[in-house]
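# What the coordinates show
Take a look at the letters that make up each chain.
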Amino acid sequence: MATRQFTLTDNSSGKTSTLEALSPSVGPDVINIAPLAKDHGVYTFDPGFMSTASCESKITYIDGDKGVLLYRGYPVEQLAAKSSFLEVSYLLIYGELPTQTQLEEFTRSIGRHTMINESLLRFYNGFHYDAHPMAQLSAVVASMAGFYHDSLDIYNPRHREIFAHRIIAKMPTISAAAYKHMLGQPFVYPRNDLDYCSNLMSMFFGVPAEPFEIDPIAARALDLLLILHADHEQNASTSTVRLAGSTGTNPYSAISSGVAALWGPSHGGANEAVLQMLEEIGTADAIPKFLARVKDKQDHTKLMGFGHRVYKHFDPRAQIIRETCHQVLANLGRSDNPLFELALRLEEIALKDEYFVSRRLYPNVDFYSGIIYRAIGIPQSMFTVMFAIARTAGWVAHWQEMIADPGMKIGRPRQLYTGATTRNYVDIAAR
Ligand code: ACO
């Protein structure tokens, strides 16, 4: 497998060793540094994983310079145009697109798992009505380990499969319950006669007092957003799921850790923060003043929805979502949308600004997603929850891939210690 070799020389001792580069199916080679500690007694230092591959994976590929995103080899643009979120979930988890029969079976199985235990519903009453739904989501997901003792053997492939179907099926139900708790409305039970996103909308917006009419345009727009957010290789939340899962903990706890990591504004929380930012800017004439704040390092203001660790040219998901924004707003009869106009103008100005050009900062997936969520009635506090519902497919696929690998090791990084060296305890009277 090795195509290139690198020689490392310790200039003080003269000792050399050869490091082999592992070749991926596509993308840059990866130097295997595992022998370093044994051969030289040194570790490597790479805060933020700027140039470190944390694992081997076959699920998703990104070329950040060319703006390429592949799920199991399929370009995300093709999946966005032709597929559905459940089909993409199947693809991510099983590695291949399903046949018609396989998709029907998968959809039926997801349908069988949409309800949640009635005891779980009582958890929400422990939350204040204004608790952030991500807090509720991570807590309720973690608590699910207490309900499914029958299928928690992580080394049993069938148990893993049941977990995968269960969590994908229940995420919309758990999320909708959090939303209803915030509103003080009764919980609406899932409907298995509906597709994944129509059911989600029915649970979010339906009330027992009257029938709920599903808007197919809104349901399709939501499905598209879920496809685009379904996976993104070793991002912060997926790496968190892998790290937590590598300890052998139950998968619900691992996914709950992923939800917590996703919540941060540098990651999934950005979609909520973008709308806050646009509202704060208010009008196009205030853009230059806002960008001046962004460029002032003392101010700690970021242009939310801009920049990405991997994409340095454009984020293909942002392009699809911007285009979808036009279509969805037009189809819903809301073409005259001041926030979308403001976002377009902000993008235009930022992309001509030397600060963003020189740092290769472009709109990411979440610069425009909140505008669609809002247009279809999803409240701002639920934006990151929508992201979590989508990314559950990716988290599950990565967790499965890791656990199924016989060579799995607990994730345990080393450190560059710069604290005190050994010193003797000083009695309190003498300090
Ligand atoms: N606004 C202003 N400046 C920025 C932004 C931004 N959105 N993003 C990066 N920069 C600047 C940094 O300050 C840094 O400047 P410097 O070289 O003068 O110090 C330079 O660009 C490089 O950025 P880093 O922070 O080193 O890039 P990193 O890869 O570590 O961070 C991140 C990527 C976290 C996404 C960052 O771009 C950011 O905070 N963006 C805004 C939040 C956001 O939209 N997050 C969603 C990401 S996509 C997702 O998770 C779904």
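Check the entry above for the structure.
Let us look at the structure shown here. (Residues numbered from 1 in each chain as written. Predicted model: local features only at pLDDT ≥ 70, side-chain atom pairs only at ≥ 80, totals over all residues. Heavy atoms only, no water.)

Turning to the nonpolar core, a few remarks are in order. Counting 117 residues, the largest nonpolar core has M277, L278 and L303 as its most contacted members. Here the element with the most residues in this core is helix α18 (residues 383-404); it accounts for 14 residues. Ignoring sequence-local partners within four residues, the contact set of L303 consists of M277, F290, L291, V294, L346, A350 and F356. (Core = buried A, V, L, I, M, F, W, Y, C linked by side-chain atoms within 4.5 Å. Buried < 20%, exposed > 50% of the residue type's maximum accessible area, 1.4 Å probe, protein only. Helix = DSSP H or I, 4+ residues; strand = E, 2+ residues; numbered from the N terminus. Contact = heavy atoms within 4.5 Å.)

Turning our eyes to something else, we now look at empty space enclosed by the protein. Counted according to the given criterion, the structure contains one cavity of 30 Å³ or more. Roughly 30 Å³ of internal volume is contained in the largest cavity. Taken together, S151, L152, D153, I154, H159, R160, F163, P251 and W399 form the lining of the largest cavity. It is helix α7 (residues 157-183) that provides the largest number of residues to the lining of the largest cavity, a total of three residues. (1 Å grid on protein atoms, 1.4 Å probe; cavity = no way out; pocket = protein on both sides within 12 Å on 5 of 7 lines; lining within 4 Å. Points joined across faces, edges and corners; volume = space filled by probe spheres on them.)

The next thing to look at is the site of the ligand. As a matter of local geometry, the ligand sits amid 21 residues, with H267, L303, G305, R309 and Y355 nearest to it. Within the contact set of the ligand, a nitrogen atom lies 2.9 Å away from a side-chain nitrogen or oxygen of Y355. Relative to its free-state accessible area of 920 Å², the ligand is covered by the protein chains to the extent of 75%. Within the shell around the ligand, the residues separate by chemical class into 10 nonpolar, six polar and five charged. (Near = heavy atom within 4 Å. Polar contact = N/O pair within 3.5 Å; in protein donor to acceptor, adjacent residues only side chain to side chain. Areas by Shrake-Rupley, 256 points an atom, 1.4 Å probe, with all protein chains shown as cover. Nonpolar A, V, L, I, M, F, W, Y, C, P; charged D, E, K, R; others polar.)

A few words now on the sheet that holds strand β4 (residues 60-63). Each strand in a sheet pairs with its neighbour through backbone hydrogen bonds, running either in the same direction (parallel) or in the opposite one (antiparallel). Taking strand neighbours across the sheet as the criterion, the three strands line up as β4-β5-β6 in an open arrangement whose pairing is antiparallel. A strand with exactly one partner marks an edge of an open sheet, and here the two such strands are β4 and β6 (74-75). As judged from the two bridges shared by strand β5 (residues 68-71) and β6, these two strands associate in the antiparallel manner. When the sheet's bridge partners are listed, L70 is paired in β6 with P75. (Pairing = 2+ DSSP bridges.)

The end-to-end C-alpha distance of helix α9 (residues 216-229), which contains 14 residues, comes to 20 Å, matching closely the 20 Å that a straight helix rising 1.5 Å per residue would cover. For α9, a buried count of 11 out of 14 residues is recorded, marking the element as mostly surrounded by other parts of the structure. Here α9 starts with a cap whose side-chain oxygen sits 2.9 Å from the backbone nitrogen of I217, and that cap is D215. (Expected span 1.5 Å × (residues − 1).)

Moving on to the pattern of salt bridges. Under the criterion given, the structure shown has 16 salt bridges. Measuring nitrogen to oxygen at the nearest pair gives 2.8 Å for the salt bridge that ties R158 to E161. Note that R158 and E161 are positioned in helix α7 at a spacing of three residues, about one turn of the helix. Take E161: its relative accessible area is 24%, and that puts it in the partly exposed class. With a closest N to O distance of 3.0 Å, E280 and R293 form a salt bridge. With E280 in helix α12 (residues 270-281) and R293 in helix α13 (residues 287-295), the pair connects residues that are 13 residues apart, well separated along the chain. Take E280: its relative accessible area is 53%, and that puts it in the exposed class. Overall, the relative accessible area of 33% leaves R293 in the partly exposed class. Overlapping salt bridges bring together E280, R293 and D299 as one network. (Salt bridge = Lys/Arg side-chain N within 4 Å of Asp/Glu carboxyl O.)

This paragraph deals with unusual backbone geometry. Positioned with a positive phi, R72 is a non-glycine residue whose angle comes to about 50 degrees. Along the chain, the position of R72 falls in the loop between β5 and β6. Positive phi outside glycine occurs at E233, with the angle close to 40 degrees. Along the chain, the position of E233 falls in the loop between α9 and α10 (236-245).

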